[in-house]
Amino acid sequence: MNSRGTASLLKDSISFTDISASGLFEGHDVLRRGFTSVKNELLPSHPLELTEKNFQLNQDKTNFARLRNVQGIHAPLKLQMEFRAVKQVQRLPFLHSSNMAMDILRGNDECIGFEDILNDPSQSEVMGEPHMMMEHKLGLL
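In what follows, the accompanying structure is described.

Cut-offs applied
- Residues numbered from 1 in each chain as written.
- Predicted model: local features only at pLDDT ≥ 70, side-chain atom pairs only at ≥ 80, totals over all residues.
- Heavy atoms only, no water.
- Patch = residues over 30% accessible without salt bridge, like charges linked within 9 Å, V, L, I, M, F, W, Y side chains within 5 Å.
- Areas by Shrake-Rupley, 256 points an atom, 1.4 Å probe, with all protein chains shown as cover.
- Salt bridge = Lys/Arg side-chain N within 4 Å of Asp/Glu carboxyl O.
- Helix = DSSP H or I, 4+ residues; strand = E, 2+ residues; numbered from the N terminus.
- Buried < 20%, exposed > 50% of the residue type's maximum accessible area, 1.4 Å probe, protein only.
- Axes fitted to C-alpha atoms, helices over the stretch in contact; angles between N-to-C directions.
- Parallel < 35°, antiparallel > 145°, perpendicular 65-115°, else oblique.
- Contact = heavy atoms within 4.5 Å.
- Nonpolar A, V, L, I, M, F, W, Y, C, P; charged D, E, K, R; others polar.
- Expected span 1.5 Å × (residues − 1).

**Section: a nonpolar patch on the surface**
Then, number 1: On the surface, Ile112, Phe114, Ile117 and Leu118 cluster together into a nonpolar patch covering about 540 Å² of accessible area.
Then, number 2: By the element assignment, Phe114 lies in helix H8 (residues 114-118).
Then, number 3: Under the relative-accessibility criterion, Phe114 is labelled exposed at 64%.

The structure is reproduced here in C-alpha cells:
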C-alpha cells in the first residue's frame, strides 16, 4: 500500500463538485431527464461517433469559411443573424416543429434524408403533459 493511505484514496475517487445541495441521495427526475444510462456517460464506442455528432456544426463552419472567402465578411454574418432569428421562433415545447425555415437556410429543403422518413411526429415519444412542460420552460417548477 502507498504512503497516502486509504482515506486519501477515497477522497480522490469521489468528486464533491457533483454533489448537489440536497445530498447524494437526490431522486432522478425521469420525466424531464429520461432514464439514466451508463452508456451515455462512457466514451464514444467508435472513432467516427464524435465526427458524426458534430457533422452539422463542422458543415456550417466550412460553409461560413467558404462564403467569407468568396463574398466577404458580411455574407456569413448575415447568415448567422438569420440562423439566430430562426432559432428564436419556436412552437410550444409539447408541439412538434419541422424547423422548415432552418432547413431552407441550410439548403436541406430539397433533400430527402433519414430524419424525413423516420421522424414521424405522431410516433414521437416526447409528447408530455402540456401544462407541466410549459411551466418547466418558464422556470415555474
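What follows picks up the thread again.
**Observations concerning the packing of helix H5 (residues 55-71) against helix H6 (residues 74-88)**
Then, number 1: The contact between H5 and H6 brings their axes to 7 Å, and the two run at 140°. Accordingly, the angle class assigned to the pair H5 and H6 is oblique. Side by side, H5 and H6 meet where Phe64, Leu67, Arg68 and Gln71 of the first sit next to His74, Ala75, Pro76, Leu79, Gln80 and Phe83 of the second.
Then, number 2: Here the contact of H5 with H6 is built from residues that sort into six nonpolar, three polar and one charged.

**Remarks on the side chain of Asp60**
Then, number 1: Note that Asp60 resides in helix H5.
Then, number 2: Judged by relative accessible area, which is 12%, Asp60 ranks as buried.

**What about H6?**
Then, number 1: Compared with an ideal rise of 1.5 Å per residue, which puts 15 residues at 21 Å, H6 spans 21 Å between its outermost C-alpha atoms and is within 8% of the ideal.
Then, number 2: Residues of H6 that are buried make contact with H5 and helix H7 (100-106).

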